[in-house]
Amino acid sequence: MSNFAELKRQMIEYQMVARGLRDKAVLNALSAVPREKFVPSELAEFAYHDAPLPLAAQQTISQPYVAALMISALQLQPDDRVLEVGTGSGYGAAIIAEIAAQVYSVERHKVLADSARQRLLALGYENIQILFGDGTLGWPIQAPFDAIAIAASAPEIPQALLQQLAIGGRLVIPVGNEMHRQSLLRIRRISEDEYQQEDLGGVHFVPLIGASGWEEQRPKRSLKAAIGISAEELIYQSSEHFTSPSEVCLDKLLQRIGDSSVVLLGEPSHGSAEFCEMRARISQELIEKKGFNIVAVEADWPDANYINHYIHSTAPDPRLKNPPFSRFPNWMWANQSMLKFSRWLQDYNATFADNGHSVGFYGLDLYSLNSSIEAVLAYLDSVDPTTAQQARVRYGCLTPWAKDPTLYVQARLTKQYKKYEKDVLAILRDRLKSRLNYAHADGQRYFSTEQNTRLIADAEGYYKTLYYAEQASWSQRDQHMFNTLQSVLSFHGKDSKVIIWGHNSHIGDARATQMSARGEFNIGQLVREQYRGSAYSIGFGTDHGTVAASSEWGGPMEIKQLQSAHIDSYEGLCHNVATDNFLLPLSKPIKPALRKRLLAERLERSVGAIYQPESELQNHYFYSCLPQQFDEYIWFDETRAVEPLSRANGKSLFESFPFVA
Ligand code: SAH
């Protein structure tokens, strides 16, 4: 028996049983949880002492007996969903997780929340979620709870917590003066508006600090009083907080989406896993609970067509030579998160296709945009490397707000390029035609020959304007996406409902950004104009982390560090909100005071396939007005790069994306 095991046994015998604590479930839990892993390593030898111990941020891990007493008072059942306020080290959460089904724990110090989350994960606890935030407001999107434990002392019982208690649920809280003895109270909810209260005796806890707790001692309080409630606090109060895409409860979001038949889901970068995972989660719920039957994405038609085959378990045309998603920037779709979503769609279709509920997957983007650009560059490389290099720079700036000065030195390029224009367009036409023929012949009808012809014309027009630096190129591409959307919708019939996945710059309303000043529009604007109240658009944002991106057009994928956002940006504002991830409704229920604050234009960050941190402000920021751009904003403070499907054994990426037989 290890030394700690013996110390733990003694703790249970002398500190618990001898004091009259006989609750079997709690005693078993105490013996299962290694308390030495929850205290600072230099204090591990004192882990089983009959005393509280210091943690970071001047907080403490409760005395073992007090933690046990409180948890015992919750009268937990195995199926219970429990809210804990005051995660601290995570020890209390672990004890509860040994007894109850699911624990939601909130901690107001980020360093404690982060380290407890890591610790509990390392110990293998899968039924605990930890949120960085103000626990006096509870965790509304996860409510109601069968039990609520507040591990810090409050001046009174926070109303929000009482409301989040299920009928029959128990709430245990130390109430009283923060400096002196407090009473441990147990409140039981008897009915919708009846509560019963018992006093379980005197205790001493650290103070509960928050909206319905004690006020933090701030030296500059007078300044705060003078300016009133800050934008960060307003965002905090108006948003729904969550830990991860797999855990978030989306019921309220679905209510806000209501009867909308078009839902647009954005992303601020093409290489971050969380956005893909969250879009997948939302899409799954829209499909299952609201009958959405089309997913249309910012990808090329033929590539997306592979996914459509895969999710219907049909085979693509074997004559197709180029594996899909094998060209720049392939990580945008050929990644683990997307693979997971495609598998889910396949299972869904296999289960529900018989009763007419299958889901279709389509690409909206200008036909084979990326592979065509690549073909054009290869041709220019062979005839004129200088023009090819300039063209590369231009393609590298496929965002409407890139301010790269080289873009303005267009005259030379234009003249040079003119010489090759005919050939370039011929390459483009051939390429499109051959791929369209295959797409048409393989049974996955592309609706009509007329559509094909239009695609070629749109693509030609787009490439031309792009070369001649005309602003209209962005709008042409988005007009094409919108037209494709219309074709898909009419193909599926009038009752169809569509989810669109695209970059924020496509799906947010262009009229709320710098784009509109240059007369440009995008699919987000066109959808709003056409579908009015029945469209709901959701933008996404992040502050820092890692991102998969290239340094130049056609370059290799790199895992880059995403810098913390600019202080004058919406992202900078969201980063200062005292929680990590949230859903912020911007249209329907929004406090006028918050709307007013957010309406003032700020910078917004946009990262595409390319990320250039060295010239970030110049190339990745533009001005926008967030509440006019989106109906809702989803924030992830930290994000990680997508995990691309590997090129194992020199095979194509897509062979590990199991769409090809
Ligand atoms: N249960 C913890 C100990 C809790 S100490 C453990 O087992 O280690 C109380 C904790 O409550 C502290 O970490 C403190 O930061 C936190 N706290 C205080 N006010 C809070 C609030 N409003 N919301 C969330 N956590 C709060």
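Residues numbered from 1 in each chain as written. Predicted model: local features only at pLDDT ≥ 70, side-chain atom pairs only at ≥ 80, totals over all residues. Heavy atoms only, no water.

**Q** So what's going on with the confidence of the model for the chain? Which residues, and what values?
**A** Across the chain, the average pLDDT comes to 85, with 81% of residues at or above 70. Between residues 219-226, whose pLDDT stays under 50, and residues either more than four places distant or in other chains, the model counts 4 contacts. When the criterion is pLDDT under 50, residues 649-653 qualifies, and its contacts beyond four places in sequence or with other chains add up to 7 contacts. (pLDDT = per-residue confidence, 0-100. Contact = heavy atoms within 4.5 Å.)

**Q** Explain the site of the ligand to me, and be specific about the residues and the numbers.
**A** Taken together, 28 residues form the shell around the ligand, and within it Ser89, Glu107, Asp134, Gly135 and Ile209 come nearest. Measuring from a nitrogen atom of the ligand, one finds a backbone N or O atom of Gly86 at 3.1 Å. Within the complex, the protein chains bury 98% of what would otherwise be the 580 Å² of accessible surface of the ligand. Those elements that provide at least two residues to the shell around the ligand are strand 2 (60-61), strand 3 (81-85), helix 4 (91-99) and strand 4 (102-107). When grouped by side-chain class, the residues that make up the shell around the ligand number 11 nonpolar, 13 polar and 4 charged. (Near = heavy atom within 4 Å. Polar contact = N/O pair within 3.5 Å; in protein donor to acceptor, adjacent residues only side chain to side chain. Areas by Shrake-Rupley, 256 points an atom, 1.4 Å probe, with all protein chains shown as cover. Helix = DSSP H or I, 4+ residues; strand = E, 2+ residues; numbered from the N terminus. Nonpolar A, V, L, I, M, F, W, Y, C, P; charged D, E, K, R; others polar.)

**Q** Kindly report on the nonpolar core, identifying the contributing residues and their values.
**A** With 66 residues, the main nonpolar core has Leu171, Met278, Phe361 and Trp501 as its most contacted residues. Examining the composition of this core, we find that 7 residues originate from one element, helix 10 (residues 273-290), more than from any other. Discounting chain neighbours no more than four positions away, the residues touching Leu171 are Ile148, Ile150, Ile157, Leu161, Leu162, Leu165, Leu185, Arg186 and Ile187. Ranked by size, the runner-up nonpolar core spans 49 residues in total, among them Ile61, Val66, Ala68 and Tyr91. (Core = buried A, V, L, I, M, F, W, Y, C linked by side-chain atoms within 4.5 Å. Buried < 20%, exposed > 50% of the residue type's maximum accessible area, 1.4 Å probe, protein only.)

**Q** How would you sum up the side chain of His506? Please name residues and give values.
**A** Structurally, His506 can be placed in helix 18 (residues 504-507). On the basis of relative accessible area, His506 is assigned to the buried category, the value being 2%. Separated by 2.8 Å, the side chains of His506 and Asp478 make a polar contact.

**Q** So, the environment of Leu83: which residues are in play, and what are the values?
**A** Its place among the elements puts Leu83 in strand 3. Placed 19 residues apart in sequence, Leu83 and Gln102 show a C-alpha to C-alpha distance of 8.6 Å. Excluding anything up to four places from it in sequence, Leu83 contacts Tyr104, Val106, Gly138, Trp139, Phe145, Ala147, Ile148, Ala149, Leu161 and Gln164.

**Q** Mind laying out the pairing of strand 12 (residues 294-300), listing which residues take part and the relevant values?
**A** Burial analysis of strand 12 places 7 of its 7 residues in the buried class, the great majority of the element. Here strand 12 pairs with strand 13 (residues 360-365) via 5 bridges, running parallel. Considered in strand 13, the bridge of Asp300 is made with Asp365. Note: strand 12 against strand 14 (residues 498-501), 4 bridges, orientation parallel. Pairing of Ala296 across the sheet is with Ile500, part of strand 14. (Pairing = 2+ DSSP bridges.)

**Q** I'd like a description of the packing of aromatic side chains, backed by residues and values.
**A** Counted by the stated rule, this structure contains 17 aromatic pairs. Taking the centre distance of 6.4 Å and the plane angle of 50 degrees together, the rings of Phe4 and Tyr48 count as tilted. Here Phe4, found in helix 1 (residues 3-16), pairs with Tyr48, found in the loop between helix 2 (24-32) and strand 1 (53-54); they are 44 residues apart in sequence, far enough to count as distant. Of the residues examined, Tyr48 reaches a relative accessible area of 5% and is grouped as buried. In this structure, Arg19 is placed above the aromatic ring of Tyr65, and the distance from its NZ or CZ to the ring centre is 4.8 Å. Here Arg35 stacks its cationic end above the ring of Tyr91, 4.7 Å away from the centre of that ring. (Phe/Tyr/Trp six-rings, centres within 6.5 Å; stacked < 30°, edge-to-face > 60°. Lys NZ or Arg CZ within 6 Å of the ring centre and 35° of its normal.)

**Q** I'd like a rundown of the sheet that holds strand 4, residues and numbers included.
**A** The strand order across the open sheet built from 7 strands is 5-4-3-6-7-8-9, with neighbouring strands paired in mixed fashion. The open sheet terminates on both sides in strands that have one partner only, identified here as strand 5 (128-132) and strand 9 (194-203). Direction aside, neighbouring strands of the sheet carry axes that sit 15 degrees apart on average. Note: strand 8 (residues 182-191) against strand 9, 8 bridges, orientation antiparallel. Within strand 9, the residue paired with Gln182 across the bridge is Val203. Strand contacts of helix 5 (residues 110-122): strand 4 and strand 5, with the helix running at about 165 degrees to strand 5, the strand carrying the most contacts. (Axes fitted to C-alpha atoms, helices over the stretch in contact; angles between N-to-C directions.)

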